[in-house]
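Listed below, chain by chain, are the residues.
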Number of protein chains: 2
Amino acid sequence: MTEITKLQSACSQCNLQELCLPIGLSEAELSLVDSLVDERRKIARGEAIFRSGDRFTAIYAVKLGFFKTEVLSEDGRHQVTSFYMPGEVLGMDGISAETHHCDAIALEDSEVCLIPFHELETISVKIPTMQRHLHRVMSREIVRDQGMMMMLGAMRAEERVIAFLLNLSQRYAARGYAAADFNLRMTREEIGSYLGLKLETVSRTFSHLQEEGLLQVEKKHIRLMDAAKLKKMLSQEGIGR
Amino acid sequence: MTEITKLQSACSQCNLQELCLPIGLSEAELSLVDSLVDERRKIARGEAIFRSGDRFTAIYAVKLGFFKTEVLSEDGRHQVTSFYMPGEVLGMDGISAETHHCDAIALEDSEVCLIPFHELETISVKIPTMQRHLHRVMSREIVRDQGMMMMLGAMRAEERVIAFLLNLSQRYAARGYAAADFNLRMTREEIGSYLGLKLETVSRTFSHLQEEGLLQVEKKHIRLMDAAKLKKMLSQEGIGR
DNA sequence: CGGCAATTTGAAGACGCTCAAGCAATGTGG
DNA sequence: CCACATTGCTTGAGCGTCTTCAAATTGCCG
């Protein structure tokens, strides 16, 4: 890893800082963090950062690109459990048993910052702000998962698809991208797996929402034509299962 | 809170220690933890430890009894996201936004140990073992949630029910109770909500498994007649949805 | 002991799945 | 550079699982 890469990867210079590290650290603290995050890694589309069973050593902040995580059960079944975009942190499933429990796979050519976890714990002792932040990031993942369970357990197909699109929209917006006009990085099958639906159902739902004039779908390109109405459909629709 | 209650609540005396705190702390460290966990609280059946929107101040270790957590969406819908038994820790959803995102409700008269979270963070700085443990407990929750998503997204009704029963069984066993013979603390409706099914479906599935001779169900009393076969049904059955 | 909650069971219907075919876009090798 | 294979997506038809609605029974809390 060249010196130039090291400079590039400095957290103190990163435009994702506010998403990744939540709030202001002092300059001295930031330079401590810089020394912690010393490696940046390129992951080609389709490649994994880690796989289920790999020894856990670090967590990863997405610098560029897009990832999915996927769990596999004993039999062949697998399910997408999350998508990650720049500024989001993945790999925390590995902490509990020092072993990862899912695969983290790049959906496009991507880059991640590698954060050695035990060093992070050490630094957290010196910087209470950092410790608090770590706890919040972990807790946010727990809250997100709870929302996911809610979706999988209580929503019908159309609602799940809408919730998925609105969630993406909001995350793009938080990154300064258009909220109502974006490209999907994942296939219909991956969306289906994530939402607990078959890919045909996802496709049909897209078509249906398009007929209603709520959406424009052209391959991977999505345009939300009436986000307000979509939101209403989420909170008003039938009680589901 | 009387002195006697304080003595009773000492972590150093607690028989759930190994489940709640994972591994050995020194005596000095244990007494630090004792001074942290200074309050024990009784929660009557049906009462909440905290509710969605409550300010987050502490996490809670179940000392005695049984709890569910439940999230509510804007519309009336609600879903059980977890059940907790003695030795398990709940409330970590509140860390991220200093606010709880679910209700924690006692399914029977219960007792919890209250662990003030910011004091826990402070102590973690002094006891690295404690910090590691906290991180593991949080991570375990993340892993558990991923398994839950897998279940909700990829399993059919019968499999979900079986997975639920086997999970309970295993947790009872870990506490020294019979693995194949236990009482459900929750209603069919709560089980259904947790599993993303209607209560009628849960009931029918119980009946069906009983006809097959795999289970004996008498109201809340469950007896697993062939745990091995049940396990097989989980890993071999159809690909589901 | 009464009233209400929880559970069981049946019958009918809906939603999403399975299977299948066709098409478009992309990539590969001759 | 074109033929061919591959992958991803759409759409249709039929079917199965789980839900919905309904009623009867049981058990428990006050």
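Just above, that's the structure.
Just so it is clear, the structure is predicted and the values come from calculations on it, not from any experiment.

Calculation rules
- Residues numbered from 1 in each chain as written.
- Chains lettered and ligands numbered in written order.
- Predicted model: local features only at pLDDT ≥ 70, side-chain atom pairs only at ≥ 80, totals over all residues.
- Heavy atoms only, no water.
- Contact = heavy atoms within 4.5 Å.
- Buried area = accessible area lost by both parts, 1.4 Å probe.
- Salt bridge = Lys/Arg side-chain N within 4 Å of Asp/Glu carboxyl O.
- Pairing = 2+ DSSP bridges.
- Helix = DSSP H or I, 4+ residues; strand = E, 2+ residues; numbered from the N terminus.
- Axes fitted to C-alpha atoms, helices over the stretch in contact; angles between N-to-C directions.
- Near = heavy atom within 4 Å.
- Polar contact = N/O pair within 3.5 Å; in protein donor to acceptor, adjacent residues only side chain to side chain.
- Nonpolar A, V, L, I, M, F, W, Y, C, P; charged D, E, K, R; others polar.
- Buried < 20%, exposed > 50% of the residue type's maximum accessible area, 1.4 Å probe, protein only.

*Asks:* Which parts of the structure should I look at to understand the interface of chain A and chain B?
*Replies:* Reports often express the size of an interface as the amount of accessible area lost when the parts come together. With 50 residues of chain A at the interface, the matching set in chain B holds 50 residues. Counting the surface lost from both chain A and chain B, the interface buries some 4,600 Å², and carbon and sulfur atoms represent 61% of this. When the buried area of chain A at its contact with chain B is split by residue, Arg77, Ile142 and Met149 of chain A rank highest and sum to 17% of it. Joining chain A to chain B, the criterion identifies four salt bridges. Glutamate 98 of chain B is paired through a salt bridge with arginine 136 of chain A; the nearest N and O atoms lie 3.4 Å apart.

*Asks:* Where do I start with the sheet that holds strand E2 (residues 48-50) of chain A in this structure?
*Replies:* Two pairing modes exist for strands in a sheet, parallel and antiparallel, and in both the strands are linked by backbone hydrogen bonds. Here we have four strands laid out as an open sheet, ordered E2-E7-E4-E5 (chain A), and antiparallel in their pairing. In this open sheet, the two edge strands, each paired with only one partner strand, are E2 and strand E5 (78-84) of chain A. Direction aside, the axes of adjacent strands within the sheet are offset by 30 degrees on average. Of the pairings in the sheet, the one linking strand E4 (residues 67-72) of chain A to E5 of chain A comprises six bridges and is antiparallel in character. Pairing of glutamate 70 of chain A across the sheet is with valine 80 of chain A, part of E5 of chain A. Lying over the sheet, helix H7 (residues 188-195) of chain A contacts E4 and E5 of chain A, oriented at roughly 100 degrees with respect to E5 of chain A. Packing of helix H5 (residues 128-154) of chain B onto the sheet brings it into contact with E4 and E5 of chain A, and relative to E5 of chain A it is tilted by some 120 degrees.

*Asks:* Please clarify how the protein's contact with DNA strand C should be interpreted in this entry.
*Replies:* Around DNA strand C, a shell composed of 19 residues is seen, among which Ala157, Lys198 and Thr201 of chain A together with Ser203 and Ser207 of chain B lie nearest. A share of 71% is what sugar and phosphate atoms reach among the atoms of DNA strand C within 4 Å of the protein. Alanine 157 of chain A places a polar main-chain atom, nitrogen or oxygen, 2.6 Å from a phosphate oxygen of DNA strand C. At a separation of 3.3 Å, a base nitrogen of DNA strand C approaches a polar side-chain atom of glutamate 200 of chain A. At the level of elements, helix H8 (199-211) of chain A together with helix H8 (199-211) of chain B are the ones that each hand at least two residues to the surface near DNA strand C. Per-element tally for the surface near DNA strand C: the top contributor is H8 of chain B, with five residues. In terms of residue class, the surface near DNA strand C is made up of three nonpolar, six polar and 10 charged.

*Asks:* How do you make sense of the pattern of salt bridges when you look at a structure like this?
*Replies:* Pairing between side chains of opposite charge can happen when their charged atoms approach one another. With the rule as written, the count across this model stands at 28 salt bridges over all chains. Notably, a salt bridge pairs arginine 77 of chain A with glutamate 159 of chain B, separated by 2.8 Å at the nearest N-O pair. Within this pair, whereas arginine 77 of chain A is found in the loop between E4 and E5, its partner glutamate 159 of chain B is found in helix H6 (residues 157-174), the two belonging to separate chains. When its relative accessible area of 0% is taken as the criterion, glutamate 159 of chain B is described as buried. The residue arginine 175 of chain A makes a salt bridge to glutamate 88 of chain A at a minimum N-O spacing of 3.3 Å. Pair noted here: arginine 175 of chain A is in the loop between helix H6 (157-174) and strand E9 (181-183) and glutamate 88 of chain A is in the loop between E5 and strand E6 (89-90), with a separation of 87 residues, a long-range link. There is no split in this pair, since arginine 175 of chain A and glutamate 88 of chain A are both buried. Salt bridges sharing common partners tie together Arg40, Lys42 and Glu111 of chain A.

Any functional reading would require information that these geometric values do not contain.
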